Every structure is written in structure tokens, then in C-alpha cells.
Amino acid sequence: MANFGKSLREDFFLKDGYVPLNHGSYGSYPKQIRDKLHHYQMVAEQNPDRFYRREMFPLLDKNRKSVAKLLNCDADDLVFVTNATAGTNSVVRSLMTEEGAQLICFSTAYNAVERTLAYVEDKYKVKLITVELNYPMSNDAILAKLEATLQANPGPIKLAVMDAITSVPGVVFPYERVCALLRERGILSLVDGAHAIGQIPVNLRETDPDFFVTNCHKWLFTPRGAAILYVRRDQQYTIHPALINASYKHHTKPNDTSSTFQSEFSWPGTSDFSPYLCIDDALSFRESLGGEQAIQDYCHRLAIEGGHAVAEILGTEVLENEDKSLTACMSNVRLPFNPSSQVSESDMTNMIIDKLLYEENCMAAPYYHHGQWFARLSAQIYTGLDDFKYVGHALLKVCKSLEQ
Ligand SMILES: Cc1ncc(COP(=O)(O)O)c(C=O)c1O
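Everything numeric here is computed off the predicted structure, so don't read it as measured data. (Residues numbered from 1 in each chain as written. Predicted model: local features only at pLDDT ≥ 70, side-chain atom pairs only at ≥ 80, totals over all residues.)

**Focus: the site of the ligand**
Thinking step 1. Lining the immediate surroundings of the ligand are 13 residues, of which N83, T85, Y110, S167 and A194 lie closest.
Thinking step 2. Looking at the shell around the ligand residue by residue, the class counts come to five nonpolar, six polar and two charged. (Near = placed C-beta within 6 Å. Nonpolar A, V, L, I, M, F, W, Y, C, P; charged D, E, K, R; others polar.)

**Quick look at the domain arrangement of the protein chain**
Thinking step 1. According to the domain assignment, the protein chain contains domain 1 (6-28 + 290-403) and domain 2 (34-277).
Thinking step 2. Relative placement of domain 1 and domain 2: their C-alpha centres are 27 Å apart.
Thinking step 3. Between domain 1 and domain 2, the residue contacts involve 21 residues of the former and 19 residues of the latter.
Thinking step 4. Only α1 (23-26), β9 (330-334), β11 (365-369) and β12 (372-378) provide two or more residues apiece to the side of domain 1 that touches domain 2.
Thinking step 5. At three residues, the largest contribution of residues to the side of domain 1 that touches domain 2 is made by β11.
Thinking step 6. A per-class count over the side of domain 1 that touches domain 2 returns nine nonpolar, eight polar and four charged. (Domains from an automatic or database assignment. Contact = placed C-beta atoms within 7 Å. Helix = DSSP H or I, 4+ residues; strand = E, 2+ residues; numbered from the N terminus.)

**What to know about the nonpolar core**
Thinking step 1. In terms of nonpolar packing, the biggest core is built from 116 residues, with L159, V161, Y230, A282, A364, L377 and V391 touching the most fellow members.
Thinking step 2. Looking at this core element by element, the count peaks at seven residues for helix α13 (residues 292-314).
Thinking step 3. Viewed by domain, this core spans two of them, domain 1 (6-28 + 290-403) and domain 2 (34-277), each represented by three or more residues.
Thinking step 4. Those residues in contact with V161, other than ones at most four positions away along the chain, are C105, A109, V113, L117, L190 and D192. (Core = buried A, V, L, I, M, F, W, Y, C linked by C-beta atoms within 7 Å. Buried ≥ 20, exposed ≤ 12 C-beta atoms within 10 Å, placed from the backbone.)

**Considering the sheet that holds β11**
Thinking step 1. Taken in spatial order, the three strands make up an open sheet running β9-β12-β11, and their pairing is antiparallel. With one partner strand each, in any of the chains shown, β9 and β11 form the two edges of the open sheet. In this sheet, neighbouring strand axes are inclined to one another by 30° on average, regardless of whether the strands run parallel or antiparallel.
Thinking step 2. Sheet topology note: the β9/β12 ladder contains five bridges and is antiparallel. (Pairing = 2+ DSSP bridges. Axes fitted to C-alpha atoms, helices over the stretch in contact; angles between N-to-C directions.)

**As for the packing of helix α3 (residues 48-71) against helix α12 (residues 279-288)**
Thinking step 1. At a minimum axis separation of 8 Å, α3 and α12 run at an interaxial angle of 45°. Between α3 and α12, the angle is such that the two are oblique. For the pair α3 and α12, contact is made by K62, N63, S66 and V67 and by I279, D280 and L283, respectively.
Thinking step 2. For the contact of α3 with α12, the per-class residue count stands at three nonpolar, two polar and two charged. (Parallel < 35°, antiparallel > 145°, perpendicular 65-115°, else oblique.)

**Quick word on the pairing of strand β8 (residues 227-231)**
Thinking step 1. Judged by how many residues are buried, β8 sits mostly within the fold: five of five residues are covered.
Thinking step 2. Burial along β8 is two-sided: A227, L229 and V231 facing one way and I228 and Y230 facing the other are all buried.
Thinking step 3. Taken together, the four bridges between strand β2 (residues 78-81) and β8 define a ladder with antiparallel strand orientation. Pairing of V81 across the sheet is with A227, part of β8.
Thinking step 4. Of the pairings in the sheet, the one linking strand β7 (residues 211-215) to β8 comprises five bridges and is antiparallel in character. Directly across from N215, in β8, lies its bridge partner A227.

In C-alpha cells:
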């Protein structure tokens with residue numbers, strides 16, 4: 001079992017002195033994965049034709065099979081996409097093109113996802129129904145709110161979009177229960193699991209969503225630009241990449257045996273496929289530390305302990321519900337902060353970020369949720385309790401200085 005915490009920092013490129021509690025935003029990958037990335041890029045460079053026409057594809061298949069095993073699904077139901085934005089765009093823009101079709105989302109949807117839904121609303125006159133969430137909420141309360149929304153909108157609803165773990169607040173969403181409810185009601189489910197793989201166990205066979213997107217470049221330790229899109233077999237004929245390419249074909253039936261789902265996603269145009277090839281290497285690195293369970297247990301425990309330490313420093317509290325189901329590897333702590341109402345939310349967010357990055361040499365993601373300010377703090381294998389305490393004191397200083 002690895003010695004988690006500070007001693008693992010040496011395996012990453014993070015600059016000395018910088019205290020990073022924001023793994024959730026962009027991820028970070030180990031030095032040995034960088035070597036692998038360069039290796040694949042060099043192989044491509046040595047003979048681009050061999051690599052891009054022949055040798056890359058079996059390597060991609062091998063990585064797809066490994067990630068399918070981790071997600072417990074069939075590799076043929078997975079494709080690579082560069083990021084969660086591309087994956088969610090592919091699904092929403094393939095499906096939601098009929099005027100008046102109804103679409104459900106939650107008020108905590110990630111900004112790029114929310115804007116994609118706004119796009120189909122504007123362009124195709126899709127009707128968007130938003131379920132308001134105000135944390136801390138229990139999973140039962142979320143399900144009850146969704147049920148009430150469905151009752152109030154009896155017309156057919158085509159698709160519902162939800163998170164596996166929401167960005168801000170950085171909380172676990174009961175997507176398994178929501179997918180089950182939607183299936184009962186004949187509504188398709190799209191899970192934005194950008195934060196899921198590597199942070200929480202995912203079992204697609206058991207959950208059985210229609211669509212699931214997850215970023216390997218956040219919590220799995222691949223270089224940026226590696227994400228997975230899962231599409232249930234009977235929906236594959238409906239989905240095309242957000243960027244149409246040479247393999248596009250129109251399909252009309254679920255049992256269309258000429259479905260081009262795999263081929264349409266296999267060549268999104270010329271680009272660097274190396275981040276996908278690092279998935280196996282990232283999984284080996286994780287195995288060398290004790291595997292998924294050991295990593296997720298360490299990060300979960302640290303998120304809880306660290307969150308409480310920060311709340312104590314700030315004199316506030318951790319955002320949690322009575323069942324303690326919100327925290328995976330990110331904790332959310334309220335900031336003791338009543339800023340001037342003259343400053344906009346986005347300006348204030350940027351002011352806090354600038355102070356954390358350039359004056360305090362650390363980072364945790366600040367955000368505003370239902371009238372209060374919070375910081376989202378990511379635990380990771382290269383962080384420890386001292387890092388949380390450092391960021392807690394930095395946040396206190398920043399709040400005081402911005403309130404003056
Ligand atoms: C919940 C959620 N969805 C989608 C995304 C977008 O991910 P990407 O920028 O890799 O497309 C993020 C990024 O932080 C996220 O937190």
C-alpha cells in the first residue's frame with residue numbers, strides 16, 4: 001500500500017510551495033504518465049502513416065477494454081471523446097432537435113452543459129424544465145423534487161440530464177436512483193459523470209443509464225483530452241459526434257446492424273490520440289498504489305477530515321446533509337463572508353481566485369450557492385491534512401481582505 005500524502009507529490013510536476021486543493025477542475029497527472037505520453041507521441045512521429053492508419057487502433061481498443069472493465073460495461077458501448085463537453089454535446093445535439101420536445105435538467109448543471117441545453121432551447125425550440133436544487137439536500141429530497149416536477153409536467157419528456165458528482169457544489173448526486181426512476185417513466189437519462197471515474201465506483205451494468213460521460217483527465221490521472229462516452233446499445237443508432245466526420249451515416253432503427261456508432265467516433269479528424277493511450281498506464285499507476293478502493297478511501301477520508309479542519313479555521317461548517325452522502329473526494333466549506341453587493345458574483349469569484357493563486361500560492365474553487373459563498377476543496381493522493389489547514393488560513397485571510 002502506498003504512503004499517501006506529501007511523499008507522493010514528488011511523482012507529480014506540481015511546483016514546490018504551491019498548495020493545490022483543486023484537482024477537480026483540471027486534474028494533474030504523474031511524471032511517469034508524461035513519459036508514456038511522450039512515448040506514444042514519438043511513435044506517431046516516427047512513422048505517422050503506420051501509426052494513424054494501422055497501429056494506433058489496436059492500442060485504442062486495448063485501452064477501451066480496460067476502461068470498460070473498470071466501468072463494468074461492454075467495450076463496444078464506449079467511445080473516446082476529448083472531454084465531457086464534447087460527450088454531452090454529442091448526445092444533446094443528436095437527440096434534442098424537435099420543436100416542443102421536453103428536456104429536464106437540474107439547476108446545478110455544469111455551465112457548459114447548461115449552455116448546451118440553452119442552445120437546443122434557442123435553436124430548436126426545445127422546452128427546458130429545470131429542477132431547482134438548494135444544498136444541503138438529502139437524496140430523498142432530490143428524488144421527491146424530481147417526482148413533483150414530473151407530475152407537474154405530464155407531457156412526454158425525452159431526456160433528463162444530471163450529474164454523477166456536481167461541479168459546484170462539489171457533491172455526489174443520486175444518479176443511480178434518478179436513472180432508475182427515469183427508466184420507469186420512459187425518459188432517457190444522460191449522466192454527466194465528468195468527475196466520476198477515479199473518484200467514485202461506477203457500475204454501468206447495474207445503473208443502466210442511456211448515456212454516461214466521464215473525464216479520465218480529472219480523477220484517473222491521464223493527460224488532458226481523454227474522456228469516455230457510454231451509449232446504451234439500443235440508443236447507439238441515434239447518436240453522432242458533435243463534430244461530424246467522414247463516417248457519418250443516418251440510421252433510423254435501434255436494430256440497424258450497420259450502426260456506425262464506433263466508426264463515427266473513431267476518427268474525429270486528425271488530432272493527438274495519445275491521452276487515450278495513457279489510460280492503461282494510469283490504471284497501472286493506480287494499481288501500484290493499492291488500486292481504486294485504496295485511493296478513493298484515502299481521498300474520501302482526507303476530504304472529510306480536511307473539510308472539518310477548514311471549517312474550524314473559518315468558524316463555519318461543511319456543506320453536508322443528514323445522511324452524509326454529499327462528500328466523495330471534495331469537501332465544500334462555507335466562507336465567513338458577506339461581500340459588498342456592488343460586486344458581481346463572477347467578479348468576486350475571480351477576485352478570490354486571484355488572491356489565492358497570486359498572493360497565497362494555493363487554490364480551492366470558490367463559488368456562490370443560494371445566497372452563500374463556499375470553497376470546494378479537492379483531496380488527492382498527493383495532498384494531506386496540512387494542505388487543508390494551509391488553504392483554510394489562506395481563505396480566512398482572503399475573505400477578511402475582500403470584506404474591507
Ligand atoms: C460536472 C462537470 N461537467 C462537465 C465538465 C466539463 O469538463 P471538460 O472541460 O473536460 O469538458 C466539468 C468540468 O469541470 C464538470 O465539473
